[in-house]
Amino acid sequence: MSPKLGETPSQTVGPYYSMRLGGEGQNVIPVPAEGGQRITITGKVFDGDRNHVEDALLEFWQANPGGRYNHPDDTRELDLDPRFSGFARAMSDFKTGTYRLETVKPGRVPDLEGAFQAPHISVVVQARGMLDPVFTRIYFSDEEEANHDDLILRRVPEARRGTLVAELEPGSDPAIYWFDIRFQGEDETVFFDF
Amino acid sequence: MTEPLIRHYGPKAYSDHPPFRYPDYKSTVKRSPTHDLLSIVATLSETTGPGPIWSDISEEDADLTLNAGTGSPAIGERIIVTGHVLDENGNGVPGTILEIWQANACGRYAHWRETAFPAPLDPNFLGVGQCRTNETGEYRFTTIKPGPYPWGNHPNAWRPAHIHFSVLGPALLTRLVTQMYFEGDPLFPLDPIYNSAPEHSRERMVAHYDHDVTEENWALGYRFDIVLRGELSMLEELDES
Ligand SMILES: [Fe+3]
């Protein structure tokens, strides 16, 4: 076996990433041709002192409403609008700390045991003061049954599962979900290694 | 096909990357997780990612000396930065999107948050660009060599000259943001961000002067390869199982 090349180390995005990443309009995934439920996900990122992180960069990756990723490896014959990227970036507001993602609710994608995962959005969080990205997932509070059966949520200690579930704002239409990310503390968000 | 392709990647080499918490870089202390990461087997959600589609829909914008669109070139030492995006197995990674941002020749970022450092802005330099790797995984930027700049981490702190690289490869799990440095920078021993990477892997972030890249009467050439996580070989897969 030939020796592996070593991975290039990660470095912080620093305070100036918004020159290139996360600019105007990147926080919107339009409703694709195949339709779907328009949703907003919003919240804040908090540091270990419970101050909001004023310069977090969140990246989102999701399947379309039919549960297909716009990626060459997802070869399933499900409708997919080629203009649906499934990718967005949102920055926390420098003053308020609030980020906002406007997208469509993702469908269910296969898990590794022949069933389907609960609807979720993958999230990459970076900021000044973070040398490496952290990876988490957004699940939805109104998908109780699917969440209950989700193999990955089941691996999360019950007491921490709530950190991965976005709360539906009662009566909101289009739906608004609240999802905060906490780097530290008793209710620290679950971050994944994969 | 009714089943998607779920690729098998090797584990992330955490020992090649900085720790989350690195007190010499002060802001990491409150911005790092304290729990262990929760290990999961990557699903389709992690083995796919936005790289290919983002690469498809993004315009090439790889000449930072001209992309301010003013009609006048940026001021500074014109350089070419080129190299390959590779996976751990040494294969080029085509269709990778690279987004870069950097300070100008004086070490000044064209960003509203930069107010403390009294270095001039260059109206002909934005300091941002993007390009895609070709079918062999190769990329190429033309830019200005950025200057070092001060920051507030500790007294008389200066960052070595660097270019920020965002790399969207084939999968969510290959996501990488790094910084490219220039060989021989005297600020290396003093910079906690550079030194946050383990000693054995720091050098991988350093671009080297390459006279074969240098263009006569035009620009100096630097070579910088980027290595992302790669798929397991069949043998390794057997080992894993
Ligand atoms: Fe910088």
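Everything below is about the structure printed above this text.
Predicted model only: the values in this text are computed from it and were never measured.

Visitor: Can you help me understand the overall build of chain A in this one?
Guide: When helices and strands are tallied, chain A shows 3 helices and 10 strands. Secondary structure elements in chain A, listed N-terminal to C-terminal, are β-β-β-β-β-β-α-α-α-β-β-β-β. On C-alpha atoms alone, chain A measures out to a radius of gyration of 17 Å, which is about the 16 Å that the 2.2 N^0.38 rule sets for 194 residues. Across its three principal directions, the C-alpha atoms of chain A cover 60 × 40 × 35 Å. Here chain A holds 194 residues, and 60% of them are scored as buried. Summarising the internal contacts of chain A: among those between residues at least 6 apart in sequence, 69% fall at separations of at least 24.

Visitor: What exactly am I supposed to notice about the environment of B:Pro52 here?
Guide: With respect to the helices and strands, the residue B:Pro52 is situated in helix H2 (residues 51-57). When the C-alpha atoms of B:Pro52 and B:Ala110 are compared, they prove to be 29 Å apart, with 58 residues separating the residues in sequence.

Visitor: In this structure, what is going on with the pattern of salt bridges? I would like to understand it.
Guide: As a working rule, side chains carrying opposite charge can pair if their charged atoms are close by. Counted under the stated rule, the structure contains 26 salt bridges over all chains. Note that B:Arg175 and A:Glu59 form a salt bridge whose closest N and O atoms lie 2.6 Å from each other. With B:Arg175 in the loop between strand S8 (162-168) and strand S9 (176-182) and A:Glu59 in strand S2 (residues 56-61), the pair connects residues from two separate chains. For B:Arg175, a relative accessible area of 7% corresponds to the buried category. For A:Glu59, a relative accessible area of 2% translates into the label buried. Put simply, A:Arg20, A:Glu59, A:Arg89, B:Glu99 and B:Arg175 are held in one network by salt bridges that share partners.

Visitor: Is there a simple way to explain the packing of aromatic side chains in this structure?
Guide: In this description, an aromatic ring pair is defined by two values, namely the gap between the centres and the angle between the planes. As enumerated under the stated definition, the model contains 21 aromatic pairs over all chains in all. Look at B:Phe117 and B:Trp158: their rings are 5.9 Å apart centre to centre, the planes differ by 90°, and that puts the pair in the edge-to-face class. Pair noted here: B:Phe117 is in the loop between strand S3 (97-102) and strand S4 (128-132) and B:Trp158 is in strand S7 (residues 157-159), with a separation of 41 residues, a long-range link. Judged by its relative accessible area of 32%, B:Trp158 falls in the partly exposed class. With 6.1 Å between their ring centres and 85° between their planes, B:Phe141 and B:Phe165 make a pair best called edge-to-face. Remark: B:Phe165 occurs in strand S8 and B:Phe141 occurs in strand S5 (residues 138-144); sequence separation between them is 24 residues. An identical accessibility class is assigned to B:Phe141 and B:Phe165; each is buried. Here a set of aromatic residues connected by ring pairs shows up, and it is made of B:Tyr139, B:Phe141, B:Phe165 and B:Phe224. Its end group placed over the ring of A:Phe140, A:Lys105 keeps NZ or CZ at 5.2 Å from the ring centre. The ring of B:Trp151 has B:Arg159 lying over it, and the distance from NZ or CZ to the ring centre is 5.8 Å.

Visitor: I would appreciate a short explanation of the pairing of strand S5 (residues 121-127) of chain A in the present structure.
Guide: Regular strands place their side chains on alternate faces of the sheet. All names here are of chain A. Along S5, 7 of the 7 residues are buried, which leaves the element largely enclosed by surrounding structure. Burial along S5 is two-sided: the residues Ile121, Val123, Val125 and Ala127 and Ser122, Val124 and Gln126 are all buried. Relative to S5, S2 runs antiparallel, the two sharing 6 bridges. Bridge pairing in S5 places Glu59 opposite Val124. A loop of 6 residues connects S5 with strand S6 (residues 134-140), the two strands running antiparallel in sequence, and Gly129 in this loop sits at a positive phi of about 85°.

Visitor: I tried to follow the environment of B:Lys12 on my own but got confused; where do I start?
Guide: Here B:Lys12 lies in the segment before strand S1 (38-39). Residue B:Lys12 is classed as buried on the basis of its relative accessible area, which comes to 14%. In this structure, the C-alpha to C-alpha distance between B:Lys12 and B:Asp210, residues 198 residues apart in sequence, is 30 Å. For B:Lys12, the contacting residues outside a window of four places in its chain are A:Glu7, B:His17 and B:Arg229.

Visitor: Is there a simple way to think about the coordination of the iron ion in this case?
Guide: A metal bound by six donors in octahedral fashion has ideal angles of 90 or 180 degrees, whereas one bound by four tetrahedral donors has an ideal angle of 109.5 degrees. Residues and elements named next belong to chain B. Tyr109 (OH), Tyr149 (OH), His162 (NE2) and His164 (NE2) make up the full set of protein donors to the iron ion, lying at 2.0 to 2.2 Å. Relative to the metal, the 4 donor atoms surrounding the iron ion lie at angles of 90 to 157°, and the coordination shape comes out irregular. The sequence pattern formed by the donor residues of the iron ion is Y-x39-Y-x12-H-x1-H. Accessibility classification places His162 together with His164 in one group, the buried group.

Visitor: Whenever I open this one, the interface of chain B and chain A confuses me. Can you help?
Guide: As a measure of interface size, the accessible area lost when the parts come together is often cited. Listed by partner, the interface residues are 92 residues for chain B and 72 residues for chain A. In total, about 7,500 Å² of surface goes out of reach between chain B and chain A, with carbon and sulfur atoms giving 58% of it. Of all residues in chain B, the largest losses of buried area upon contact with chain A belong to B:Arg31, B:Leu38 and B:Arg113, amounting jointly to 12% of the total for that side. Along the contact surface separating chain B from chain A lie 10 salt bridges.

Visitor: Whenever I open this one, the side chain of B:Arg31 confuses me. Can you help?
Guide: Inspection of the secondary structure assignment puts B:Arg31 in the segment before S1. Only 2.6 Å separates the side chain of B:Arg31 from the backbone oxygen of A:Arg128, close enough to count as a polar contact. Beyond its immediate stretch of four places on either side in the chain, B:Arg31 contacts A:Asp47, A:Val53, A:Glu54, A:Asp55, A:Ala127, A:Arg128, A:Gly129, A:Met130, A:Phe183 and A:Gln184.

Visitor: Even after reading the chapter, I still don't get the nonpolar core, so can you show me in this structure?
Guide: What tends to happen in soluble globular proteins is that the nonpolar side chains get buried as a cluster. Counting 30 residues, the largest nonpolar core has A:Tyr139, A:Leu164, A:Phe192 and A:Phe194 as the members making the most contacts within it. Taken together, the elements giving at least two residues each to this core come down to S6 and helix H2 (151-155) of chain A together with H2 of chain B. Residue contacts for A:Leu164: discarding those within four places in its chain leaves A:Thr136, A:Arg137, A:Ile138, A:Tyr139, A:Leu153, A:Val156, A:Phe179, A:Thr189, A:Val190 and A:Phe192. Counting residues in each nonpolar core, the second largest holds 29 residues, with A:Ile41, A:Met130, A:Ala166 and A:Phe191 among its members.

Definitions and limits used
- Residues numbered from 1 in each chain as written.
- Chains lettered and ligands numbered in written order.
- Predicted model: local features only at pLDDT ≥ 70, side-chain atom pairs only at ≥ 80, totals over all residues.
- Heavy atoms only, no water.
- Helix = DSSP H or I, 4+ residues; strand = E, 2+ residues; numbered from the N terminus.
- Rg over C-alpha atoms; globule rule 2.2 N^0.38 Å.
- Buried < 20%, exposed > 50% of the residue type's maximum accessible area, 1.4 Å probe, protein only.
- Contact = heavy atoms within 4.5 Å.
- Salt bridge = Lys/Arg side-chain N within 4 Å of Asp/Glu carboxyl O.
- Phe/Tyr/Trp six-rings, centres within 6.5 Å; stacked < 30°, edge-to-face > 60°.
- Lys NZ or Arg CZ within 6 Å of the ring centre and 35° of its normal.
- Pairing = 2+ DSSP bridges.
- Donors = N, O, S within 2.8 Å, 3.2 Å for Na, K, Ca; no water.
- Tetrahedral: all angles 85-135°; square planar, octahedral: opposite > 155°, others 65-115°.
- Buried area = accessible area lost by both parts, 1.4 Å probe.
- Polar contact = N/O pair within 3.5 Å; in protein donor to acceptor, adjacent residues only side chain to side chain.
- Core = buried A, V, L, I, M, F, W, Y, C linked by side-chain atoms within 4.5 Å.

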